[in-house]
Amino acid sequence: MNSENLSKRLHTVVSYIPKGSVLADIGSDHAYLPCYAVYKGLVQAAIAGEVVDGPFKSAQNQVKQEGLEGFISVRKGDGLDVLNPGEATCITIAGMGGTLISNILERGKDKLEGTKRLVLQPNIQAINIRKWLIENDWILVAEEILEEDGKIYEVLVAEKDHEENPYSDNKEAELLLGPFLMKECNDVFKKKWNAEYKHWQDILKQLQASGKTESSEEKQEQLKRYSRFVEEALSK
């Protein structure tokens, strides 16, 4: 398989798949990620799950073209419905919003039995994933932030059987910004949160000009708090 089929974003996701895993890639699109993982000998076997008919057929065609039908099962279904409990040791979900990824995990919680690692790549709202992980006793073990084609992505890695808690007393800020990403505070992180900060300031001005309501005051307080978190993170 030509690795050029795999974006920088998906290469980053793949880098966190433990060698020898049985992989389930949910929302697999063309199945490039599981094909690459099998081709490189990173996983024993893989499941490519896709709910939309067009991408499902594309995934089937890709797996057939690569001659990997014996290693990759392409299944049509919604989220984790394509899995049996204990079937996958590593699950990847990439290229969706954080709220949707959290909902997929919540709806399919019973399918996570035996899964050792989650590798999740939200396009937005990573905070919702971090909250879901905590609520469901998954421990965040690594994070990465990257830029590709002018877009910024975060990759979150979580394990069930891990004792070290990544959060400190500054938990609300860390849920928003990412405990590992805050510590590293690289150039992509700074670019993302500088842009968010400016966006929030514009919203604050609009809310302040539109008059007071209970909901607008709550929103203003949240944005001020989040802005303070960003200021503190970027000043270190």
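Worth saying up front: this structure is predicted, and the values here are computed from it rather than measured.

Draft legend 1. Structural context of the nonpolar core. I91, I93, L118, L133, L177 and F189 are the most contacted members of the largest nonpolar core, which has 46 residues in total. Looking at this core element by element, the count peaks at six residues for helix α8 (residues 187-209). If we ignore the near neighbours within four places in the chain, the residues touching F189 are I145, L177, L181, M182, A233 and L234. Among the nonpolar cores identified, the runner-up in size contains 31 residues, and I17, V119, A142 and V155 belong to it.

Draft legend 2. How the structure looks around the environment of A142. Topologically, A142 is positioned in strand β6 (residues 139-148). Put simply, A142 and P166 are 24 residues apart on the chain and 9.0 Å apart in space, counted from C-alpha to C-alpha. Every residue in contact with A142, bar those within four places of it in the chain, is listed here: Y16, V155, L156, V157 and F180.

Draft legend 3. Molecular detail of the pairing of strand β3 (residues 72-76). Bridge analysis of strand β2 (residues 43-50) against β3 gives five bridges, and the strand direction is parallel. Within the sheet, the bridge partner assigned to G49 lies in β3 and is R75.

Draft legend 4. Region of the structure containing the pattern of salt bridges. Counting across every chain of the model gives eleven salt bridges. Between K191 and E147 there is a salt bridge, and its shortest N-O distance comes to 2.7 Å. In this pair, K191 is assigned in helix α8 and E147 in strand β6, connecting sequence segments 44 residues apart. When its relative accessible area of 46% is taken as the criterion, K191 is described as partly exposed.

Reading guide: rules and limits
- Every residue gets a number counted from 1 within its own chain, in the order that chain's sequence is written.
- Note on the predicted model: pLDDT of at least 70 is required for a residue's local features to be given, and 80 or more for side-chain atom pairs to be given and counted; whole-chain, interface and lining totals, by contrast, use all residues.
- Excluded from the side-chain calculations are hydrogens and water; all other atoms, namely the structure's heavy atoms, are used.
- We define the nonpolar core as a collection of buried residues of types Ala, Val, Leu, Ile, Met, Phe, Trp, Tyr and Cys that are connected through side-chain atoms lying within 4.5 Å of one another.
- Burial classes: relative accessible area under 20% of the type maximum marks a residue as buried, over 50% as exposed, and values in between as partly exposed (1.4 Å probe, protein chains only).
- A run of H or I in DSSP counts as a helix once it spans at least four residues, and a run of E counts as a strand once it spans at least two, with each numbered from the N terminus.
- Residue contacts are defined here by distance: any two heavy atoms, one from each residue, within 4.5 Å place the two residues in contact.
- The rule for pairing is simple: two strands pair if DSSP sees at least two bridges between them.
- Any carboxyl oxygen of Asp or Glu within 4 Å of a side-chain nitrogen of Lys or Arg constitutes a salt bridge here.

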